[in-house]
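# Secondary and tertiary structure notes
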Amino acid sequence: MSERMVLRVKGRVLAGPDDVRDELWAVDGRVTYERPADVRDEQVVHGWALPGLVDAHCHVGLDRHGPVDEATSEKQALTDREAGTLLIRDAGSPSDTRWIDDRDDLPKIIRAGRHIARTRRYIRNYAHEIEPGDLVAYVAREARRGDGWVKLVGDWLDRETGDLGACWPRGEVEAAIAEAHRLGARVTAHCFAEDSLRDLVEAGIDCIEHATGLTEDTIPLFAERGVAIVPTLVNIATFPHLADGGEAKFPRWSTHMRELHARRYDTVRAAYDAGIPVFVGTDAGGSLAHGLVAAEVAELVKAGIPAIEALSATAWGARKWLGRPVLEEGAPADLVVYEEDPRADVRVLAAPQRIILNGRIVG
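Residues numbered from 1 in each chain as written. Predicted model: local features only at pLDDT ≥ 70, side-chain atom pairs only at ≥ 80, totals over all residues. Heavy atoms only, no water.

### Some points on the side chain of T282
Using the following cut-off: Secondary structure elements are defined from DSSP: runs of H or I of at least 4 residues count as helices, runs of E of at least 2 residues count as strands, and each element is numbered from the N terminus. Three exposure classes are used, based on accessible area relative to the maximum for each residue type with a 1.4 Å probe and protein chains only: buried under 20%, partly exposed in between, and exposed over 50%. Pairs of N or O atoms within 3.5 Å make up the polar contacts considered here, provided that, within protein, one atom can donate a hydrogen while the other can accept it, and that residues adjacent in sequence are counted only when both atoms are side-chain atoms. Any two residues whose heavy atoms approach within 4.5 Å at even a single point are treated as in contact.
The residue T282 is located in the loop between α9 (264–273) and α10 (293–302) in this model. With relative accessibility at 0%, the residue T282 sits in the buried group. Reaching out from T282, the side chain makes a polar contact with the side chain of D55 at a distance of 2.6 Å. Polar contacts involving the side chain of T282 include one to the main-chain amide nitrogen of A284, which spans 3.1 Å. When neighbours within four sequence positions are excluded, T282 is seen to be in contact with D55, H57, T232, V234, N235, L288, L292, V293 and E296.

Here you go:
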């Protein structure tokens, strides 16, 4: 048998919240906890290791104006990688980023296809803009194009009322979600406000993005149905600025956005306390920069989620939710190494020392 070069990680390997190992080896890009017998040479990395972080709401291939070219998409993916994000759930993009799958130095992406929105009820150049009668067909199309997810725009500014409003009638949503599930895809929806949530959850939706409109009436429903939320608190922080910009034309909307912002931490903590699954997402790629995963984890802690649970929301728990492995025997060796224990202080996540992807040091 020929000898192999391997990568060895020594120190503390956080294979799970309570599963701490002394070392692991990356052999042929895969994790093993058994010392390989045919090692010619090994590169050694020391520190605290976590599974590659997850950004469960990110947009590679998109900026504030719409789709971007491959060079820009590559830069976005590299920025996320250098922050320790090695698994992305791309929550809507008009760009074809399948070429990234052929690059073993870029984060792995789970795509939700392109956003599906009502006509003139979302950011220009982002979404398929359609009417309710076409919703089932477009959901089926994106379910086939994506990687097991479909993204709806559940609410947006309604210019007739001057406030946030639900985008889809209940019957069309039920039919569309049923069709996605038939095709093996889960469905998530952008929702800022309150009034679309009950219909979406009762229609069988799997996840809600942002979820700032959760109330004491809908939180128990989410918990009962097991519907996850991705709060994107680093994005919600921009609400006051957005409200200021829309004050003159849409004062009701501006007031509503400020109210949602003011209660954001209470909303997330109440959801967590009720048992609603909460995951880390930054909403990078629209108006927000990439590479903000550590800041989002810190925001969850600020909202009152225990540090170990906030870590799980970007590591072990998030990967399980998305159906991807952690640092188990035979899994892809995708991990991030830090100088200190991130369980003691999640701010450690902002300073990764080594990024290891498919068993290779890439950053």
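### Re the pattern of salt bridges
The test is simple: A carboxyl oxygen of Asp or Glu within 4 Å of a side-chain nitrogen of Lys or Arg is what we treat as a salt bridge.
Applying the stated criterion across every chain yields a total of 30 salt bridges. Of the charged contacts, one joins R103 and E74 as a salt bridge, the two residues approaching to 2.9 Å between their closest N and O atoms. Remark: E74 occurs in helix α1 (residues 70–82) and R103 occurs in the loop between β8 (85–90) and β9 (108–111); sequence separation between them is 29 residues. A relative accessible area of 25% means that E74 is categorised as partly exposed.

### Describing the packing of helix α2 (residues 135–145) against helix α3 (residues 170–182)
In plain terms, the rule: Note on geometry: axes are C-alpha line fits, over the in-contact stretch for helices, and angles between N-to-C directions span 0 to 180 degrees. Under this scheme an angle from 65 to 115 degrees is roughly perpendicular, one under 35 degrees roughly parallel, and one over 145 degrees roughly antiparallel; angles in between are oblique. Note: crossing handedness is left-handed where the near helix turns anticlockwise from the far helix by less than a right angle, and right-handed where it turns clockwise. Each residue receives one of three labels: charged for Asp, Glu, Lys and Arg, nonpolar for Ala, Val, Leu, Ile, Met, Phe, Trp, Tyr, Cys and Pro, and polar for the others, Gly being one of them.
It is the contact of α2 with α3, at a shortest axis distance of 9 Å, that shows an interaxial angle of 25 degrees. Looking at the two axes, α2 sits roughly parallel to α3. Handedness of the crossing formed by α2 with α3: right-handed. Within the contact between the two elements, α2 uses L135, V136, V139, A140 and R144 and α3 uses E172, V173, A175, A176, E179, A180 and R182. For the contact of α2 with α3, the class distribution of residues is eight nonpolar, no polar and four charged.

### Details of the sheet that holds strand β5 (residues 53–58)
Worth spelling out the cut-off: By definition, two strands form a pair when at least two bridges between them are found by DSSP.
The strand order across the open sheet built from three strands is β5-β8-β9, with neighbouring strands paired in parallel fashion. Each end of this open sheet is capped by a strand with a single partner; those strands are β5 and β9. Neighbour-to-neighbour, the strand axes of the sheet open up by a mean angle of 20 degrees, direction not taken into account. Pairing between β8 and β9: four bridges, direction parallel. Directly across from I88, in β9, lies its bridge partner I109.

### Some remarks on the packing of aromatic side chains
Definition in use: When two rings of Phe, Tyr or Trp (its six-membered ring) have centres within 6.5 Å they constitute a pair, described as stacked for plane angles under 30 degrees, edge-to-face for angles over 60, and tilted for the intermediate range. Either the NZ atom of lysine or the CZ atom of arginine qualifies as a charge over a ring when it sits within 6 Å of the ring centre and within 35 degrees of the ring normal.
Using the criterion set out here, one finds six aromatic pairs in the structure. Taken together, a centroid distance of 6.0 Å and an interplanar angle of 75 degrees make the contact between Y122 and Y126 edge-to-face. For Y126, a relative accessible area of 5% gives the class buried. Among the aromatic residues, those joined into a ring-pair cluster are Y122, Y126, W156, F192 and F239. Here R89 stacks its cationic end above the ring of W149, 4.6 Å away from the centre of that ring. Positioned above the aromatic ring of Y265 is the side chain of R264, whose terminal nitrogen or guanidinium carbon lies 4.2 Å from the ring centre.

### With respect to the environment of G286
The topology assignment puts G286 in the loop between α9 and α10. What makes G286 buried here is its relative accessible area of 17%. Considering only alpha carbons, one finds G286 and C58, 228 residues apart in sequence, at a separation of 8.8 Å. For G286, the contacting residues outside a window of four places in its chain are L62, D63, R64 and Y126.

These values are about where atoms sit, not about what they do.
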